[in-house]
Amino acid sequence: MFITRDNAQFYTVSFGDSPRTLLALGGWAGSWELWTNTFTYLSNTWRTIAYDHRGTGATIAPTESIKFETLVNDVFVILDALGVDQCVLAAESAGVAIALQAALQQPQRFSGLVLVDGMYCGPMPDVTDPFLMGLKNNFEAAVGHFVDNCVSQLEPDSAAIRHWGRQIILRSPQPDAVRLYESMFGVDLRPQVNQIIQPTLILHGEADRIVPVKASEWLSSQIPDCHLHIFQDTGHVPTVTRPQAVAEEINRYFE
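The structure contained in this document is the topic of the report that follows. (Residues numbered from 1 in each chain as written. Predicted model: local features only at pLDDT ≥ 70, side-chain atom pairs only at ≥ 80, totals over all residues. Heavy atoms only, no water.)

Details of the overall build of the protein chain
Counted only if it meets this: Starting at the N terminus, helices and strands are each numbered in turn, a helix being any DSSP run of H or I of at least four residues and a strand any DSSP run of E of at least two. Only C-alpha atoms enter the radius of gyration; for comparison, a globular chain is expected to reach 2.2 Å times N to the power 0.38, where N is the number of residues. Type-normalised accessible area, obtained with a 1.4 Å probe on protein chains alone, sets the label of each residue: buried when under 20%, exposed when over 50%, and partly exposed for intermediate values. What sets the accessible areas is the Shrake-Rupley method with a 1.4 Å probe; for residues, cover comes only from the shown protein chains. Only four residue types enter the charge count, namely Lys and Arg as positive and Asp and Glu as negative; His and the chain termini do not. Charge coordinates come from a single atom per side chain, which is NZ of Lys, CZ of Arg, CG of Asp or CD of Glu.
Within the protein chain one finds 10 helices and 8 strands. What you see for the protein chain is a C-alpha radius of gyration of 17 Å, in line with the 18 Å of a compact globule of 255 residues. Overall size of the protein chain, expressed as C-alpha extent along the three principal axes, is 45 × 45 × 35 Å. For the protein chain, with 255 residues in total, the buried portion stands at 55%. In the form shown here, the protein chain has an accessible surface area of approximately 10,700 Å², with 50% of it arising from carbon and sulfur atoms. Each charge class in the protein chain can be summarised by its mean position, and for the 16 positive and 28 negative side chains these summaries are 2 Å apart.

Laid out in structure tokens, this is it:
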């Protein structure tokens, strides 16, 4: 379904009819599909909701509207449109910064957090940033390199998942993908994460080449009510490569 608000039409999915709800966010230029496999398991016992955030998938939004603050506000747009008063908020990669900021802004809306291989501190603006230059000058090659670094060869079906990952990210128009990357410039939630009051499950792939494990280890030391689980032989997207294990950890933590 599409949810139309202001200048955007958000492609949104909702599965299951459980009284408890989990809303999941993708990262950078990754659409809701990054949670597809995990939802296969979670939707039996949760109402699972996800959407393509601005600049990704089937959602339609002006490129100039892609800003960190807007991406955070969109979380509440989706919850309000679907009549969800409170939920567990899950996110992966750059979506974790959005989830943390949303939880800090309106803590009463979230009964828990799931943070997967998360970024909460973006780079400072730098026109010589190699990845940014790659996105601008050879978009398809930069995306291919990024996806290759997301999926460890030790993971099952790694070649097929990399192929799928390229398709997901290349649906993001180049200007939107660049804007999404730049929207994290200067974002730094490190001084605030100790104010997170929700029970928080942190998941991380031990073989992640995008965000090092130590980032989640530090984050888990700062959030008061928190549990960290590290998946061995796993890269940056365990929601895709280890979906059953991710679902099991979520169910175990929120029993």
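Next comes the rest of the write-up.
Description of the packing of aromatic side chains
Note on aromatic pairs: each is described by the distance of the centres and the angle between the planes. Applicable threshold: Put simply, two rings from Phe, Tyr or Trp (the six-membered ring, in Trp's case) pair if the centres are within 6.5 Å, and we call them stacked under 30 degrees between planes, edge-to-face over 60, tilted for the rest. In this scheme, the term charge over a ring applies when either NZ of a lysine or CZ of an arginine sits within 6 Å of the ring centre and within 35 degrees of the ring normal.
Tallying each qualifying case throughout the model produces 15 aromatic pairs. Residues Trp28 and Phe131 carry aromatic rings whose centres are separated by 5.4 Å and whose planes lie at 65 degrees to one another, so their mutual orientation is edge-to-face. With Trp28 in the loop between strand S3 (21-25) and helix H1 (36-42) and Phe131 in helix H4 (residues 130-137), this pair connects stretches of sequence that are 103 residues apart. For the pair Trp46 and Phe254, a centre-to-centre distance of 6.1 Å together with 90 degrees between the ring planes defines the contact as edge-to-face. Of this pair, Trp46 sits in the loop between H1 and strand S4 (47-51) while Phe254 sits in the segment after helix H10 (243-253), and the two are 208 residues apart along the sequence. Each member of the pair, Trp46 together with Phe254, is buried. In textbook terms, an aromatic cluster arises when at least three aromatic residues are bridged by ring pairs, as seen for Trp28, Phe131, Phe146, Tyr181 and Phe185. A cation over a ring is seen here: Arg20 above Trp46, with NZ or CZ 3.9 Å from the ring centre.

Observations concerning the pairing of strand S7 (residues 200-205)
Going by this rule: Between any two strands, pairing holds if DSSP finds at least two bridges.
Burial within S7 is extensive, with 6 of its 6 residues counted as buried. Taking every second residue as pointing to the same face, both faces of S7 are buried, with Thr200, Ile202 and His204 on one and Leu201, Leu203 and Gly205 on the other. Relative to S7, strand S6 (residues 110-116) runs parallel, the two sharing 4 bridges. Along S7, the bridge assignment pairs Val114 with Leu201. Pairing of S7 with strand S8 (residues 226-231), which is carried by 6 bridges, proceeds in the parallel orientation. Paired with Leu201 across the two strands is His227, which belongs to S8.

Quick look at the pattern of salt bridges
Here is the rule we go by: A carboxyl oxygen of Asp or Glu within 4 Å of a side-chain nitrogen of Lys or Arg is what we treat as a salt bridge.
For the coordinates displayed, the defined rule picks out 7 salt bridges. Between Arg171 and Glu33 there is a salt bridge, with its nearest N and O atoms 1.9 Å apart. Remark: Glu33 occurs in the loop between S3 and H1 and Arg171 occurs in the loop between helix H6 (158-170) and helix H7 (174-182); sequence separation between them is 138 residues. Glu33 sits in the buried class, given a relative accessible area of 18%. The closest approach of N and O atoms between Lys136 and Glu182, which form a salt bridge, is 3.8 Å. Taken as a pair, Lys136 in helix H4 and Glu182 in helix H7 lie far apart in primary sequence, 46 residues in all. According to the relative accessible area criterion, Glu182 is partly exposed, its value standing at 29%.

Quick word on empty space enclosed by the protein
What counts here: Throughout, the protein atoms alone are placed on a 1 Å grid, and a set of points is a cavity if a 1.4 Å probe fits but cannot get out or a pocket if it is open with protein on both sides within 12 Å along at least five of seven lines; lining residues have an atom within 4 Å of a point. Grid points are joined across faces, edges and corners, and a volume is the space filled by probe spheres set on the points. Charged means Asp, Glu, Lys or Arg here, nonpolar means Ala, Val, Leu, Ile, Met, Phe, Trp, Tyr, Cys or Pro, and polar covers whatever is left, Gly included.
Evaluation of the coordinates by the stated rule reveals 2 cavities of 30 Å³ or more. Taken together, 19 residues line the largest cavity, and the ones lying closest to its centre are Leu34, Phe146, Cys150, Ile169 and Val237. If you list the elements that add at least two residues to the lining of the largest cavity, you get helix H5 (139-150) and H6. When its volume is computed, the second largest cavity comes out at roughly 60 Å³. Lining the second largest cavity, in full, are Leu25, Gly26, Tyr51, His53, Leu71, Asp74 and Ile98. Looking at the lining of the second largest cavity residue by residue, the class counts come to 4 nonpolar, 2 polar and 1 charged.

Side note on H5
Inclusion rule: Residue count minus one, scaled by 1.5 Å, sets the expected span of a helix. The contact criterion used throughout is that any non-hydrogen atoms of two residues lie within 4.5 Å.
For H5, built from 12 residues, the straight-helix expectation of 16 Å at 1.5 Å per residue is met to within 8% by its first-to-last C-alpha distance of 17 Å. Listed in full, the buried residues belonging to H5 are Phe139, Ala142, Val143, Gly144, Phe146, Val147, Asn149 and Cys150. Among the structural elements, H4, H6 and H7 are those in contact with the buried residues of H5.

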